[in-house]
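# Fold and geometry: a report
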Amino acid sequence: QVQLVESGGGLVQPGGSLRLSCAASGFAFSRYAMSWYHQAPGKERELVARITSAGGSTNYADSVKSRFTISRDNAKNTVYLQMNSLKPEDTAVYYCNANIWLVDYWGQGTQVTVSS
C-alpha cells in the first residue's frame, strides 16, 4: 500500500532553516508529481510546493517563493523541502502528498515550529 513518511521537522528560530524529507513506498514514485502542504492551527491545509514526476518543473505558494525549494531523488523514492529564512507564520504541520489516479495520499505530518 501507499506509504508516505515525513521527517525533519522541529523547533527553529526565525531566520533559520530546516530540511524536510518524505520517504515514499508502495507505488511507482518516479511516475507521479509530489507535493508538500501545510496546516496551521485553526486553518485549512494549503499547498506549499509541487514538483513534477521527473523534477523538471516546480510550483510554490506566493508566501514561500524564494525561501523554500522542493526537490526529489527518484532513485531514493524521496521528496524534500528545503526551508530557509523561516518565519513564525511558517509554523504548521507539514504533510507530504501524492495524488495517484485522483486519490490523495498523505503522510502523518511533521511539526515545524518557528519561534524565538
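Each value, and the rule that gives it
- Residues numbered from 1 in each chain as written.
- Predicted model: local features only at pLDDT ≥ 70, side-chain atom pairs only at ≥ 80, totals over all residues.
- Heavy atoms only, no water.
- Pairing = 2+ DSSP bridges.
- Helix = DSSP H or I, 4+ residues; strand = E, 2+ residues; numbered from the N terminus.
- Axes fitted to C-alpha atoms, helices over the stretch in contact; angles between N-to-C directions.
- Salt bridge = Lys/Arg side-chain N within 4 Å of Asp/Glu carboxyl O.
- Disulfide = S-S within 2.5 Å.
- Buried < 20%, exposed > 50% of the residue type's maximum accessible area, 1.4 Å probe, protein only.
- Contact = heavy atoms within 4.5 Å.
- Polar contact = N/O pair within 3.5 Å; in protein donor to acceptor, adjacent residues only side chain to side chain.
- Phe/Tyr/Trp six-rings, centres within 6.5 Å; stacked < 30°, edge-to-face > 60°.
- Lys NZ or Arg CZ within 6 Å of the ring centre and 35° of its normal.

## A few points about the sheet that holds strand β3 (residues 18-25)
In a beta sheet, neighbouring strands are held together by backbone hydrogen bonds and run either parallel or antiparallel to one another. What the four strands build is an open sheet, ordered β1-β3-β8-β7; its pairing is antiparallel. The sheet terminates laterally at β1 (3-7) and β7 (68-73), the two strands that pair on one side only. This sheet shows a mean twist of 15° between the axes of neighbouring strands, independent of strand direction. Pairing of β3 with strand β8 (residues 78-83), which is carried by six bridges, proceeds in the antiparallel orientation. Each residue of the ladder has a partner; that of Leu 20, found in β8, is Leu 81.

## As for the pattern of salt bridges
One pass over the structure, following the stated rule, counts two salt bridges. Asp 62 serves as the salt-bridge partner of Lys 65, at 3.2 Å between the closest nitrogen and oxygen.

## Notes on the state of the cysteines
Scanning the entire structure with this criterion turns up one disulfide. Here Cys 22 connects covalently by a disulfide to Cys 96, the sulfurs 2.1 Å from one another. Judged by the sign of its S-S torsion, about -80°, the bond between Cys 22 and Cys 96 is left-handed. Placement of the pair is Cys 22 in strand β3 and Cys 96 in strand β9 (residues 92-100), with a sequence separation of 74 residues. Neither residue differs from the other here; Cys 22 and Cys 96 are each classed as buried.

## Describing the side chain of Ser 35
Locating Ser 35 in the fold gives a position in strand β4 (residues 34-39). The buried category is assigned to Ser 35, whose relative accessible area is 6%. The residues contacting Ser 35, other than those within four sequence positions of it, are Leu 47, Ala 49, Arg 50, Tyr 95, Cys 96 and Asn 97.

## Section: the environment of Cys 96
Overall, Cys 96 belongs to the buried group, its relative accessible area being 0%. Among all residues touching Cys 96, those that are not within four sequence positions of it are Leu 4, Glu 6, Cys 22, Met 34, Ser 35, Trp 36, Val 79, Tyr 105, Trp 106 and Gly 107.

## Some points on the side chain of Thr 78
Examined against the element boundaries, Thr 78 turns out to sit in strand β8. By relative accessible area, which is 10% here, Thr 78 ends up buried. A distance of 2.8 Å separates a polar side-chain atom of Thr 78 from the backbone oxygen of Lys 76. In this structure Thr 78 touches Ser 21, Cys 22, Ala 23, Phe 29, Arg 72 and Asp 73, once residues within four positions along its chain are discounted.

## Quick look at the packing of aromatic side chains
The final tally for this structure, using the stated rule, is four aromatic pairs. Here the aromatic rings of Tyr 37 and Trp 106 are separated by 4.9 Å at their centres, their planes lie at 75°, and the arrangement is edge-to-face. One end of the pair, Tyr 37, is in strand β4; the other, Trp 106, is in strand β10 (residues 103-106), and 69 residues separate them in sequence. Exposure remark for Trp 106: the relative accessible area of 33% places this residue in the partly exposed category. Grouping aromatic residues by their ring pairs yields a cluster made of Phe 27, Phe 29 and Tyr 32. The cationic tip of Arg 19 hangs over the ring face of Tyr 80; the distance from NZ or CZ to the ring centre is 4.0 Å. Positioned above the aromatic ring of Tyr 95, the side-chain terminus of Arg 45 is 3.7 Å from the ring centre.

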